Amino acid sequence: MFLVVVVLSLPGFIHSFQPLFSFDGNSTTHRDITQRAVLRKTAEVCRDIAASEGRDFSLTIDDSLTVARVQRACSSAGVSAVKASVKLESFIAGRWTLGRVCHTLQDFYSHSNWVELGNKAPYSALIRPDQPLENLAGPNTPTCRSCTGGNCADNLLPELLQQGLLTSGYFNIFSSSKPAGKCSHGGSFDKTSKQDPVGGISKDDTGSSHGSLHHKAADLAVNATMELLEDIRVATGDKNFLRLMGLSQSSVLCFVIDTTGSMSDDISEAKRVSFDIIDRKRGTEQEPSAYILVPFNDPGFGPLTMTTNADVFKDRINKLTASGGGDIPELCLSGLQLALTAAPPSSEIFVFTDAPAKDAHLKSTITALIESTKSVVTFMLTDVLASRRRRRSLQGTSPRSMSQSDAQLYRDLARASGGQSIEVTKSDLSLATSVIEDSSASAVVTVFQVVRNPGRPDNFTFTVDGSLRNMTAYITGAPSLTFNLTSSKGVSQSSSQSSGPLASFTTAGNLRRLSLNTDNQTGSWEISVASSSPYSVKVTGQSSVNFIYNLVEAHEGAHGDFSLKEGRPLSGGNASLLVSVTGSDTVKVTEVTLFDSSGPTEVNGSLQAVGSGNFLVTFSGVPAGDFAVRLRGEDSSSSSRSTQSGFQRQAPTQIKTSSISVTAQANNSNIEPGSTISIPFTVTTTSNGVVNNSATGSFTVRANNDRSYPSASPSTVTVAAGSGGKANATVTLTVPASATSGTDVTLTIEAENAAATDTNYAVLRFSVSSKVTDISRPVCQVVSSSTSCPSSSSLCASSQWKFVANLTDGINGTGIESVTVRQGNGTLNTSTVDGAGGENITVATYSASCCAQSVELAVVDRVGNVGTCGGQARESTTATPATTAAVSTTSTGGHTLGISYCLWISVAVSLLWK
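What counts as what
- Residues numbered from 1 in each chain as written.
- Predicted model: local features only at pLDDT ≥ 70, side-chain atom pairs only at ≥ 80, totals over all residues.
- Heavy atoms only, no water.
- Disulfide = S-S within 2.5 Å.
- Helix = DSSP H or I, 4+ residues; strand = E, 2+ residues; numbered from the N terminus.
- Buried < 20%, exposed > 50% of the residue type's maximum accessible area, 1.4 Å probe, protein only.
- Pairing = 2+ DSSP bridges.
- Axes fitted to C-alpha atoms, helices over the stretch in contact; angles between N-to-C directions.
- Parallel < 35°, antiparallel > 145°, perpendicular 65-115°, else oblique.
- Left-handed = near helix turned anticlockwise from the far one by under 90°.
- Contact = heavy atoms within 4.5 Å.
- Nonpolar A, V, L, I, M, F, W, Y, C, P; charged D, E, K, R; others polar.
- Phe/Tyr/Trp six-rings, centres within 6.5 Å; stacked < 30°, edge-to-face > 60°.
- Lys NZ or Arg CZ within 6 Å of the ring centre and 35° of its normal.
- 1 Å grid on protein atoms, 1.4 Å probe; cavity = no way out; pocket = protein on both sides within 12 Å on 5 of 7 lines; lining within 4 Å.
- Points joined across faces, edges and corners; volume = space filled by probe spheres on them.
- Core = buried A, V, L, I, M, F, W, Y, C linked by side-chain atoms within 4.5 Å.

Engineer: How do you make sense of the state of the cysteines when you look at a structure like this?
Structural biologist: A covalent bond between the sulfur atoms of two cysteines is what we call a disulfide. One pass over the full model with this rule turns up 5 disulfides. Two residues, Cys780 and Cys869, share a disulfide whose sulfurs are 2.5 Å apart. Taking the sign of the S-S torsion, 75 degrees for the link of Cys780 and Cys869, the bridge is right-handed. Within this pair, whereas Cys780 is found in strand β36 (residues 779–785), its partner Cys869 is found in strand β42 (residues 866–872), the two being separated by 89 residues in sequence. Here Cys780 matches Cys869 in class, with each residue buried.

Spelled out as structure tokens, the structure:
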């Protein structure tokens, strides 16, 4: 599905533009700023791709853009171009880094006096580490005078403005101390603003000290964010930029495969189904956006393959062979952990195995990653009862077979994720893998899902709306299970009819797959299931209308705003969700509910619209349990089969509550190879959603990372009497010196109560980044620009012109990695020669028709610094040779350079605070 990441990563700063919501209805938030910039820049990239391919792009690029409008326009502009064969990139970690950078960059315009100085354009030096920061007010330079009568409009000193000096405001919630004559940030939480000079200069919202300039600051922040995004776009290329923005209409194809001796049939089937999907969908909008493969056995797992090149994936899976496996248990969960942290959020992952997990201790870690990423995991379990016999014949040993408790681990993980545990014989596996083909379709949504364990007869209803097509129902359970299906028009079909008026279905092992006939039958349908054994029911379809959600929590800042929450909500407390409807501008949400999929408990949320199809949903007193999020509403779009159609959607992944809170905050999300970082964390006991100050007890601690990097943590922490219900500890993580820059690392910290009945977690994401010492942009020196073009435009098609430039990155530079044509439609060739000073020179030769007489090249070095150079043909009457001095603009690039952005902007802001 299409997704523009509008909340990339917004730390809960206590003084900034509001992170998520504007409760006064008039202020601009970080989410608004980032969304406006991302949508506009994404639309620009899609427009340019369309132009380069000779197709129209009919969309006005302004602040009226919505996700749905950009989706439709970009879809027609050729989103399949995103799925080009590009080298592997860590786009998820890149988004997190980019979000932090955007937050810091945007706050410059709210916290400094850049707007008050009359500037109409962004301060570009903030994102160009090779440019100095100029006109900063010195440490002893007075900058403010006290506000008069609460009016702070003119509290900046006139001489500061006359000299064009940059400054910012001091902020402290604990102390009122600040240097004499210096500005404060302002607001009720800022104690420094009570000390002379009194007041502040913040423009965080319309009610701030300089709130009258809030919208000017926000507009500059949008333009600055677009400038940043353009830099990254040039460094990474249009296709990778769109992938970084999350622009994709198809899912990933992700397999985790047991490669031990008895799995040859399963591996063959995985090859067959993946090759079939690739060959049928290659070059279409439904071609998977990425391919992920993780093999596992014992004693090893991996390596991870993640690629957008279908042929690379085919080659890797084709090389898998079944061998080894002396004892039955395999490292299944270790392989799954790699897949969960590599795949984009909300991916569907398929695990093939016929053996229990040797690393069952990772169950809680896997559950935490499932909940954090909202990914769906389906297990294809084959010949469970035959495992012992098959492996004995292969190995000459007598290991145990998979027990019910072994299989239950997979069932529990499938249930937590909203996936399925499909148990079939190896001969029936090809019937069950139709589930994989179903999930690989575009825009697959979950309409309804429920689990009954223990089993009991029950009736379930779900709503079919006019946007749904290709609907499928999956029922898993014992062979004795029976069901009855009833449409909105009262037509029925029983499980004794494999083909009938409402569905045709196939049975493979414990799975019944029903292909539903919903044509002209919108409204409420019913499935009645009769079984005393555990079973599950899942209904999916294809639709442009869906929703995503994130847990949020009120942070204790000056704005009373919300920030994203990691981990589980607290039992008995309040919970808040940020719900975003995607794929439609015509949906009206009427109900968001948390319901226990295995019981009768439901909690209705209170909805508050916060603009652009987003809702803040608050639930009061959520009881202990496992819950799914269900959304209901109406869609009045003209594309629906009725003028107004009720609809429902359900999030597959469960939300589980906890009476434990785990919080962790790393000082830096970037780690150098060969270094060790410390991550402090706190375990807090709660009762009915609030801290239980009198509680005591011990908690088991587990810290795991997906790269198997060395780490250390206490095995237990103790909440002692008088500790306020809290215990503090530290995890250390060491990155090997051999780690590759750009690698992302996911660390999961868990705490479990003494009875092993309650767990909560914190998930932290880091990027490995070598220290960037090359901040200089590549330099271009124009060697020649041919002068053979005729002066008459009518004669241009019969003539060519040539442009030649020498490109260098300096002796101490990292070297030029790529040269691309940003503007121009000619032919570019490059070659490398040795320069006189020992540096490599890339010679760029560009030729084009005289009908297109200008060119601009983008030159990127190996750490992402960008230089540009350009030239223009002259008329044939011009005799002066065109040699020019170095020309370079723009500096930055990729996820690695996002780190240097962050450091540079942080330095800039810290200088301003002095």
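Engineer: What is the right way to read helix α10 (residues 363–373) from this model?
Structural biologist: With 10 of 11 residues buried, α10 is to be regarded as a mostly interior element. Of all the positions in α10, only Ser364, Thr365, Ile366, Thr367, Ala368, Leu369, Ile370, Glu371, Ser372 and Thr373 are classed as buried.

Engineer: What is the right way to look at the sheet that holds strand β10 (residues 482–486) in this model?
Structural biologist: Working definition: the strands of a sheet are paired by backbone hydrogen bonds and lie parallel or antiparallel to each other. Taken in spatial order, the 4 strands make up an open sheet running β8-β14-β10-β11, and their pairing is antiparallel. Both edges of this open sheet fall to β8 (458–464) and β11 (492–494), since each of them pairs with a single strand only. This sheet shows a mean twist of 20 degrees between the axes of neighbouring strands, independent of strand direction. Pairing between β10 and strand β14 (residues 523–530): 5 bridges, direction antiparallel. Paired with Thr486 across the strands is Glu526, a residue of β14.

Engineer: How should the pairing of strand β22 (residues 614–619) be read in this particular structure?
Structural biologist: Side-chain direction in a regular strand flips from residue to residue, so the side chains alternate between the two faces of the sheet. Summarising burial for β22: 5 of the 6 residues are buried, a large majority. Here 6 bridges tie strand β18 (residues 575–582) to β22, and the two strands are oriented antiparallel to one another. Across the sheet, residue Leu578 finds its bridge partner in β22, namely Leu616. The pairing of strand β21 (residues 606–611) with β22 spans 5 bridges and is antiparallel. The partner of Leu607 across the bridge, within β22, is Val617. Hairpin connection from β21 to β22: 2 residues lie between these consecutive antiparallel strands, with Ser612 at a positive phi of about 60 degrees.

Engineer: Just to check I follow, could you spell out the packing of helix α9 (residues 332–342) against α10 for this structure?
Structural biologist: When two helices pack together, their arrangement is given by the angle between their axes and by how far apart the axes lie. Interhelical geometry of α9 versus α10 gives an angle of 20 degrees and a closest axis separation of 10 Å. One way to sum up the angle between α9 and α10 is to call them roughly parallel. Relative to α10, α9 is oriented so that their crossing is left-handed. Between α9, through Leu333, Leu336, Gln337, Leu340 and Thr341, and α10, the contact on the second element is made entirely by Lys363, Thr365, Ile366, Leu369, Ile370 and Thr373. Per-class residue counts for the contact of α9 with α10 are 6 nonpolar, 4 polar and 1 charged.

Engineer: Would you explain the packing of aromatic side chains in this entry?
Structural biologist: The relation between two aromatic rings is expressed through the spacing of the ring centres and the mutual angle of the planes. Per the stated rule, a full pass over the model turns up 13 aromatic pairs. Ring centres 6.4 Å apart and planes at 65 degrees place the aromatic pair Phe460 and Tyr535 in the edge-to-face group. With Phe460 in strand β8 and Tyr535 in strand β15 (residues 535–542), this pair connects stretches of sequence that are 75 residues apart. Linked through ring pairs, Phe108, Tyr109, Trp114 and Tyr123 together constitute an aromatic cluster. Over the face of the ring belonging to Phe275 we find Lys314, whose NZ or CZ atom lies 5.1 Å from the ring centre.

Engineer: Explanation requested: the layout of surface pockets in the structure shown.
Structural biologist: If you roll a probe as big as a water molecule over the atoms, it shows you where there is empty space left. Considering only enclosed or pocket space, the second largest pocket measures out at about 1200 Å³ in volume. As for the second largest pocket, its lining consists of 48 residues, and the residues nearest its centre are Ala407, Gln408, Arg411, Asp412 and Asn453. Within the residue set of the lining of the second largest pocket, elements represented by two or more residues are α10, α12 (404–417), β6 (421–424), β7 (444–452) and β15. Element by element, the count of residues in the lining of the second largest pocket is highest for α12, at 9 residues. Residue composition of the lining of the second largest pocket, grouped by class: 14 nonpolar, 20 polar and 14 charged.

Engineer: I would appreciate a short explanation of the nonpolar core in the present structure.
Structural biologist: Most often, soluble globular proteins have nonpolar side chains that are buried together. Ranked by size, the top nonpolar core spans 33 residues in total, and within it Leu333, Leu336, Ile349, Val351 and Phe379 carry the most contacts. Top element by residues in this core is α9. It accounts for 7 residues. Setting aside residues no more than four positions away along its own chain, Leu333 makes contact with Ala357, Asp359, Ala360, Leu362, Lys363, Ile366, Leu409 and Leu413. Ile127, Leu133, Ala217 and Met245 belong to the second largest nonpolar core, which has 29 residues in total.

Engineer: Just to check I follow, could you spell out unusual backbone geometry for this structure?
Structural biologist: Glycine aside, negative phi is the norm for most residues, and most peptide bonds take the trans geometry. The linkage connecting Asp298 with the following residue, Pro299, adopts the cis geometry, with an omega of 25 degrees. Looking at the secondary structure, you find Pro299 in the loop between β2 (291–296) and β3 (305–307). With a phi angle near 65 degrees, Ser346 is a residue other than glycine that sits in the positive phi range. In this structure, Ser346 sits in the loop between α9 and β4 (348–353). The backbone of Ala756 sits at a positive phi, close to 60 degrees, despite the residue not being glycine.

Engineer: Sorry if this is basic, but what is going on with the environment of His185 here?
Structural biologist: You can see His185 is positioned in the loop between α4 (158–162) and α5 (214–236). Between the alpha carbons of His185 and Ile201 there is a distance of 5.5 Å; along the sequence they are 16 residues apart.

Engineer: Where do I start with the packing of helix α7 (residues 264–281) against helix α8 (residues 310–318) in this structure?
Structural biologist: Two elements in contact, α7 and α8, have axes separated by 10 Å at closest approach and are oriented at 170 degrees. Taken together, the axis directions place α7 and α8 in an arrangement best described as roughly antiparallel. Between α7, through Ala270, Lys271, Ser274, Phe275, Ile278 and Asp279, and α8, the contact on the second element is made entirely by Ala310, Phe313, Lys314, Ile317 and Asn318. The residue makeup of the contact of α7 with α8, split by class, is 6 nonpolar, 2 polar and 3 charged.

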